[in-house]
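Survey of secondary and tertiary structure
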Amino acid sequence: MKRLGIACLLSIFLIFLCLFGTYMSETVSARISEKIQTISQTMDKGDFALAQEASQQLQKEWEGYHTILCTFLCHKELEGMDEHLAALPRYLKNGEKGLAEATCAQIEDAMKHLKETEELRLENIL
């Protein structure tokens, strides 16, 4: 009987852990996408200094998220985000609008992919 109780507790813990991972990936992807859109709008207005500052803040924020997401997600996907977020402030500092816009688009695509792969759908479970 004790084994059955322990198995039930472990099952509940694993389900909670999976749901928490899904929640975090959805929350982080929405937050990052929102900030990237703000940075893109700031670039469109021509304020590269403010966009650079926002991208640096986003990079610091991502470092905190990265630690949590590494628990649940493939490290390879997260490393790609690290590279994109590290490149964005440099592009903005140099005024390279085309490269900065392309990087923003890559980040948005990566966040969309992250959200889609972590959704609770039958095809993701199987």
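Look above for the structure.
Residues numbered from 1 in each chain as written. Predicted model: local features only at pLDDT ≥ 70, side-chain atom pairs only at ≥ 80, totals over all residues. Heavy atoms only, no water.

The next point concerns the packing of aromatic side chains. Under the counting rule described, the total for this entry stands at one aromatic pair. Their ring planes at 20° and their centres at 6.4 Å tell us that F16 and F20 sit as a pair that is stacked. Of the two residues, F16 and F20 both sit in helix α1 (residues 2-44), four residues apart, roughly one turn of that helix. (Phe/Tyr/Trp six-rings, centres within 6.5 Å; stacked < 30°, edge-to-face > 60°. Helix = DSSP H or I, 4+ residues; strand = E, 2+ residues; numbered from the N terminus.)

For helix α3 (residues 75-93), with 19 residues, the first-to-last C-alpha span of 28 Å sits near the 27 Å given by 1.5 Å per residue. Within the span of α3, buried status applies to L78, M81, L85, A87, L88, P89 and L92. Close packing links the buried residues of α3 with α1, α2 (48-69) and α4 (97-118). Backbone geometry just downstream of α3 places G95 in the positive-phi region, at approximately 75°. (Expected span 1.5 Å × (residues − 1). Buried < 20%, exposed > 50% of the residue type's maximum accessible area, 1.4 Å probe, protein only. Contact = heavy atoms within 4.5 Å.)

Moving on, we come to a nonpolar patch on the surface. Together, F16, F20, Y23 and I68 give the surface a local cluster of nonpolar side chains, amounting to about 400 Å² of exposed area. Among the elements that make up the nonpolar patch, the one with the highest residue count is α1 (three residues). (Patch = residues over 30% accessible without salt bridge, like charges linked within 9 Å, V, L, I, M, F, W, Y side chains within 5 Å. Areas by Shrake-Rupley, 256 points an atom, 1.4 Å probe, with all protein chains shown as cover. Salt bridge = Lys/Arg side-chain N within 4 Å of Asp/Glu carboxyl O.)

Turning our attention to the side chain of S55. Relative to the elements of secondary structure, S55 occurs in helix α2. Discounting chain neighbours no more than four positions away, the residues touching S55 are I39, L88, P89 and L92.

Before going further, it helps to spend a moment on α1. The end-to-end C-alpha distance of α1 is 63 Å, a good match for the 63 Å that 43 residues give at a rise of 1.5 Å each. Downstream of α1 by a residue or two, G46 has a phi angle that is positive, lying close to 90°.

Here α2 crosses α3 at 165°, and the two axes come no closer than 8 Å. Judged by the inter-axis angle, α2 sits roughly antiparallel to α3. Viewed along their axes, α2 and α3 form a crossing whose handedness is left-handed. Every residue of α3 that contacts α2 at F48, A51, Q52, S55, Q56, L58, Q59, W62, H66 and L69 is listed here: L78, M81, D82, L85, A86, L88, P89, L92 and K93. When grouped by side-chain class, the residues that make up the contact of α2 with α3 number 12 nonpolar, five polar and two charged. (Axes fitted to C-alpha atoms, helices over the stretch in contact; angles between N-to-C directions. Parallel < 35°, antiparallel > 145°, perpendicular 65-115°, else oblique. Left-handed = near helix turned anticlockwise from the far one by under 90°. Nonpolar A, V, L, I, M, F, W, Y, C, P; charged D, E, K, R; others polar.)

Moving on: the packing of α1 against α3. The interhelical angle for the contact between α1 and α3, taken along N-to-C directions, is 20°, at an axis separation of 13 Å. The angle between α1 and α3 places the two elements in the roughly parallel class. For the crossing formed where α1 meets α3, the hand is left-handed. On α3, the residues that touch I32, I36, I39 and M43 of α1 are M81, L88 and L92. Residues that form the contact of α1 with α3 fall into these classes: seven nonpolar, no polar and no charged.

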